[in-house]
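Chain and residue survey
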Amino acid sequence: MKLQSRHLLGLEGVPEQDITLILDTAASFKEVLERPIKKVPPLQGKTIVNLFFESSTRTRISFELAERRLSADVVNFTAQGSSVSKGETLKDTARNIEAMKIDMVVVRHAASGAPHFLTHVVKANVINAGDGAHEHPTQALLDMMTLREKFGKLEGLRVCIVGDITHSRVARSNIYGLMTMGAKVSVCGPATLIPKNIEELGVRVYHNLEKVVTEVDALNVLRIQLERQKSGLFPSLREYRRFFGVTKEKVDRAPKPITIMHPGPINRDVELSADLADGPHSVILEQVTNGEAVRMAVLYLLGTSN
Ligand code: CP
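The residue numbering used here restarts from 1 in each chain and proceeds along that chain's sequence as written. Under the rules for a predicted model, residues below a pLDDT of 70 receive no local features and side-chain atom pairs below 80 are neither given nor counted, while totals for whole chains, interfaces and linings still include all residues. Only hydrogens and water are set aside when side-chain values are computed; all heavy atoms of the structure are taken into account.

1. What to know about the sheet that holds strand β9 (residues 259–261)
Two strands are said to pair when DSSP picks up at least two bridges between them. Only DSSP runs of H or I with at least four residues qualify as helices, and only runs of E with at least two residues qualify as strands; both kinds are numbered from the N terminus onward. Taken in spatial order, the 5 strands make up an open sheet running β7-β6-β5-β8-β9, and their pairing is parallel. Since the sheet does not close on itself, it has two edges, and those belong to β7 (204–206) and β9, each with one partner. The average angle at which neighbouring strand axes cross in this sheet is 25°, direction not considered. Lines are fitted to the C-alpha atoms to define the axes, a helix being fitted only along its stretch in contact, and any angle between axes, read from their N-to-C directions, falls within 0 to 180 degrees.

Okay, structure coming up:
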């Protein structure tokens, strides 16, 4: 079985059978992660570069672990300390690295479209590890894997994404992926942080978190990007927390327990209360574990289909 594309740039337009193939493959790799020796040979002889032009903890580490567990050779690049600080362009950086015989590129960049641009300048498979406010496909895949494990299926599942939807690549990828898989997706946040016309994607919009908790199975809580406050998109963190902060007091009004997700990093007691983040219905650390399995699946499927 093969994926339709030789790159993973986003989940927009990715068909259901490809998402299912990735999630099923990730479930097999998760079993490898339970073994005493967590290493398998399929990417032996392949060289992968992780190009990170933006900070990352979870995505960077889990891609590197996934690559090493598949026996690939790994090169890590961070913009800091590289020739990017001397003005070298993304195109030149990528082409110079490819001249060192690279097979796959994992890229995180502040510019939306940077991974797509790279597909035109290098021959390697390109995987988007987060580009601007555009997409973060492996995050949405690990979120879907976590939901599928918890609920057994995605079809019909009611998932609300809470927070700054406008500036979130995680939200965008989750919306595309979950809609394709037949979930019922909603978003909740201040009107200033929800894109106009988002309903056209089939997504329901809420501005009242108390109402949302009575109608969903899972909440995927987004990090509030603290810099947005300066641009006047919400009055204060206190105000944001009061209306859109996910707290025990609010979710306790739900008729049944709600699964709590967060892509990280968390602003504890701002968008999500610490007791919920660490509570019995939180799957935040399962998301991180599944991130490694999902990234192994994507690397394996793209790296063995050339
Ligand atoms: N969720 C996520 O992308 O986290 P990092 O920024 O730490 O990679």
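Once you've had a look at it, read on.
2. Here's the deal with the pattern of salt bridges
Should their charged atoms come close, side chains of opposite charge can pair. A side-chain nitrogen of Lys or Arg and a carboxyl oxygen of Asp or Glu constitute a salt bridge if their distance falls within 4 Å. For the structure on display, the rule yields 13 salt bridges. A salt bridge links Arg 148 to Asp 24; the nearest nitrogen and oxygen atoms lie 2.9 Å apart. Here the residue Arg 148 occupies a position in helix α5 (residues 137–151), and Asp 24 occupies one in helix α1 (residues 16–33), the gap between them amounting to 124 residues. A relative accessible area of 23% places Arg 148 in the partly exposed class. Each residue is placed in one exposure class: buried if its accessible area under a 1.4 Å probe, protein chains only, is under 20% of its type's maximum, exposed if it is over 50%, and partly exposed if it falls in between. Note on Asp 24: relative accessible area 39%, which makes it partly exposed. Asp 217 is the salt-bridge partner of Lys 256, the closest N and O atoms lying 2.9 Å from each other. Placement of the pair is Lys 256 in the loop between α9 (248–251) and β9 and Asp 217 in the loop between α7 (209–212) and β8 (218–221), with a sequence separation of 39 residues.

3. Quick word on unusual backbone geometry
Across the junction of Gly 264 and Pro 265, the peptide omega takes the value -5°, indicating a cis bond. Within the chain, Lys 101 stands out as a residue other than glycine whose phi angle is a positive 70°. Structurally, Lys 101 is set in the loop between α3 (90–98) and β3 (104–109). A positive phi angle, close to 70°, is found at Asn 197, a residue other than glycine. Note that Asn 197 resides in the loop between β6 (184–188) and β7.

4. Description of the site of the ligand
Being near a molecule or strand, for a residue, comes down to having at least one heavy atom within 4 Å of it. If you check the shell around the ligand, you find Ser 56, Thr 57, Arg 58, Thr 59, Arg 108, His 136, Gln 139, Pro 263 and Gly 264 and nothing else. Any pair of nitrogen or oxygen atoms within 3.5 Å is treated as a polar contact; in protein, a donor-acceptor pairing is required on top of that, and neighbouring residues in sequence qualify only through side-chain atoms on both sides. Contact distances for the ligand include 3.0 Å between a nitrogen atom and a side-chain N or O atom of Gln 139. Charged residues are taken to be Asp, Glu, Lys and Arg, nonpolar residues to be Ala, Val, Leu, Ile, Met, Phe, Trp, Tyr, Cys and Pro, and polar residues to be all remaining types, Gly included. For the shell around the ligand, the per-class residue count stands at 1 nonpolar, 6 polar and 2 charged. Residue ranges for the domains trace back to a domain assignment, done automatically or taken from a database. Per-domain counts for the shell around the ligand show at least three residues from each of domain 1 (16–132 + 289–303) and domain 2 (137–287).

5. What about the sheet that holds strand β4 (residues 125–131)?
Strand pairing in a sheet relies on backbone hydrogen bonds, with the paired strands running either antiparallel or parallel. Sheet architecture is open: 4 strands sit in the order β2-β1-β3-β4, paired in parallel fashion. The sheet terminates laterally at β2 (73–78) and β4, the two strands that pair on one side only. When strand polarity is set aside, the average angle formed by the axes of neighbouring strands in this sheet is 15°. For strand β1 (residues 47–52) and β3, the ladder comprises 5 bridges, and the chain directions are parallel. Looking across to β3, one finds that Ile 48 is bridged to Met 104.

6. Looking at the side chain of Asp 143
Looking at the secondary structure, you find Asp 143 in helix α5. Within the buried set, Asp 143 has no salt-bridge partner at all; the shortest N-O distance to an opposite charge, 8.1 Å, is to Arg 295. Should any heavy atoms of two residues lie within 4.5 Å, those residues are counted as being in contact. The residues touching Asp 143, leaving out its near neighbours within four places in the chain, are Val 170, Asn 174, Asn 220, Met 261 and Gln 287. As used throughout, the charge tally considers Lys and Arg to be positive and Asp and Glu to be negative, leaving His and the chain termini uncounted.

7. Some thoughts on the domain arrangement of the protein chain
For the protein chain, the assigned domains read domain 1 (16–132 + 289–303) and domain 2 (137–287). Between domain 1 and domain 2, the contact holds 26 residues from the first and 21 residues from the second. Carbon and sulfur atoms supply 57% of the area that domain 1 and domain 2 bury against each other, a total of about 1800 Å² over both sides. Considering only the side of domain 1, the residues that lose the most area to domain 2 are Ile 19, Leu 23 and Asn 290, jointly responsible for 31% of the buried surface there. Run the count over domain 1 and domain 2 and you get 3 salt bridges. Lys 30 is paired through a salt bridge with Glu 149; the nearest N and O atoms lie 2.9 Å apart. What counts as buried area is the accessible surface, traced by a 1.4 Å probe, that two parts surrender upon association, with contributions from both included.

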